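So the chains spell out like this:
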Amino acid sequence: CKEFSLCRHYMPEAVVSTQSTGIQTMCPHVLRYITTAVVISKRRRDGIKELIKVLQQESYKDPITEFVESLYVNFDFDEAQSKLKECTTVIENDFFIVGCLDDFTENARLIISEIFCRIHQRIEIDMLADKLNMAPAEAEKWVVNMIRQAHLDAKIDSKNGYVVMGGTSVPIYQKLIDKTKDLHLKANSCCQKVDKKLALGI
């Protein structure tokens, strides 16, 4: 998708730019293209949170923006499946992103399956195949690749037709410790910088 190479490379900055008054008031339809760039970007995690904030503030809607909201806001997989079909039609008829159709479809399916697997302990492959609009055999191969790419703790029970998620979740207090363990170092560094600037009279 050559048309979106720059937008994909600078995706976080592109998302932040949507918060400018100019885009929000004069051309909110640009959100379609930024949302597409986020979905197909390998750096998706860097911009999805900011994108969701912007989409929730905006009145502009189309199948592409609604697809993202249905997954990350509503966690409605039936709606996401329906919107993904609509996205195909929208992209096929949009000159600027028609070349991104295959990338968008591939990554949209990856997002659906990754989120679905993260919130369920055991998933029927046939049900997941239905969510992804794929044949069961194709969906099983897809899930294997998705588990590798997303580093999910999961395994395939081919005999019974299930994806079984691991139960080795990190305790919430450990997550808190990991996130805050370096805060005192960062705080001390900031204080030292402030002291130096005060001493120099800046």
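Provided above is the structure to which this section pertains.
In this text the structure is predicted, and so the values were computed from the model without any measurement.

Rules of the game
Residues numbered from 1 in each chain as written. Predicted model: local features only at pLDDT ≥ 70, side-chain atom pairs only at ≥ 80, totals over all residues. Heavy atoms only, no water. Axes fitted to C-alpha atoms, helices over the stretch in contact; angles between N-to-C directions. Helix = DSSP H or I, 4+ residues; strand = E, 2+ residues; numbered from the N terminus. Parallel < 35°, antiparallel > 145°, perpendicular 65-115°, else oblique. Left-handed = near helix turned anticlockwise from the far one by under 90°. Contact = heavy atoms within 4.5 Å. Nonpolar A, V, L, I, M, F, W, Y, C, P; charged D, E, K, R; others polar. Buried < 20%, exposed > 50% of the residue type's maximum accessible area, 1.4 Å probe, protein only. Pairing = 2+ DSSP bridges. Core = buried A, V, L, I, M, F, W, Y, C linked by side-chain atoms within 4.5 Å. Phe/Tyr/Trp six-rings, centres within 6.5 Å; stacked < 30°, edge-to-face > 60°. Lys NZ or Arg CZ within 6 Å of the ring centre and 35° of its normal.

Visitor: For this particular structure, what's the right way to read the packing of helix α6 (residues 63-72) against helix α7 (residues 77-92)?
Guide: To describe two helices that pack against each other, one gives the angle between their axes and the distance between the axes. One can describe the packing of α6 onto α7 by two numbers: an axis separation of 8 Å at closest approach and a directional angle of 160 degrees. Accordingly, the angle class assigned to the pair α6 and α7 is roughly antiparallel. The chirality of how α6 crosses α7 is left-handed. In this structure, α6 contributes P63, I64, E66, F67, S70 and L71 to the contact, and α7 contributes F77, E79, A80, K83, L84, E86, C87, V90 and I91. The class makeup of the residues in the contact of α6 with α7 is ten nonpolar, one polar and four charged.

Visitor: Explain the environment of G47 here, please?
Guide: With respect to the helices and strands, G47 occurs in helix α5 (residues 44-57). For G47, a relative accessible area of 1% puts it in the buried group.

Visitor: Can you help me understand the pairing of strand β2 (residues 154-157) in this one?
Guide: Looking along a regular strand, one sees the side chains alternate between the two faces of the sheet. Where β2 and strand β3 (residues 162-165) come together, four bridges link them in antiparallel fashion. Across the sheet, the residue bridging to K155 is V164, located in β3. Between β2 and β3, which pair antiparallel one after the other, the connecting turn spans four residues, and G161 there sits at a positive phi close to 75 degrees.

Visitor: Looking at this model, I keep getting lost on the pairing of β3. Mind explaining?
Guide: Bridging between strand β1 (residues 122-124) and β3 involves three bridges; their strand directions are antiparallel. Within the sheet, the bridge partner assigned to I123 lies in β3 and is V163.

Visitor: It is not clear to me how the nonpolar core should be interpreted in this structure. Could you clarify?
Guide: Soluble, globular proteins show a tendency: their nonpolar side chains are buried together. Among the nonpolar cores identified, the biggest contains 48 residues, and F67, L71, F104, M146 and V163 are the most heavily contacted of them. Of all the secondary structure elements, the ones that give two or more residues to this core are α4 (30-40), α5, α6, α7, α8 (101-119), α9 (125-132), α10 (136-150) and β3. Here this core takes nine residues from α8, the largest share from any one element.

Visitor: What's the story with the packing of aromatic side chains in this structure? I'm lost.
Guide: Each aromatic ring pair is summarised here by two numbers: the centre-to-centre distance and the angle between the ring planes. Enumeration over the complete set of coordinates arrives at three aromatic pairs. Note on Y33 and F96: the rings are 5.9 Å apart at their centroids and 80 degrees apart in plane angle, and the pair reads as edge-to-face. In this pair, Y33 sits in helix α4 while F96 sits in the loop between α7 and α8, placing the two residues 63 residues apart along the sequence. You can call F96 exposed: its relative accessible area is 52%. Among the aromatic residues, those joined into a cluster by ring pairs are Y33, F95 and F96. Over the face of the ring belonging to Y162 we find R122, whose NZ or CZ atom lies 4.1 Å from the ring centre.

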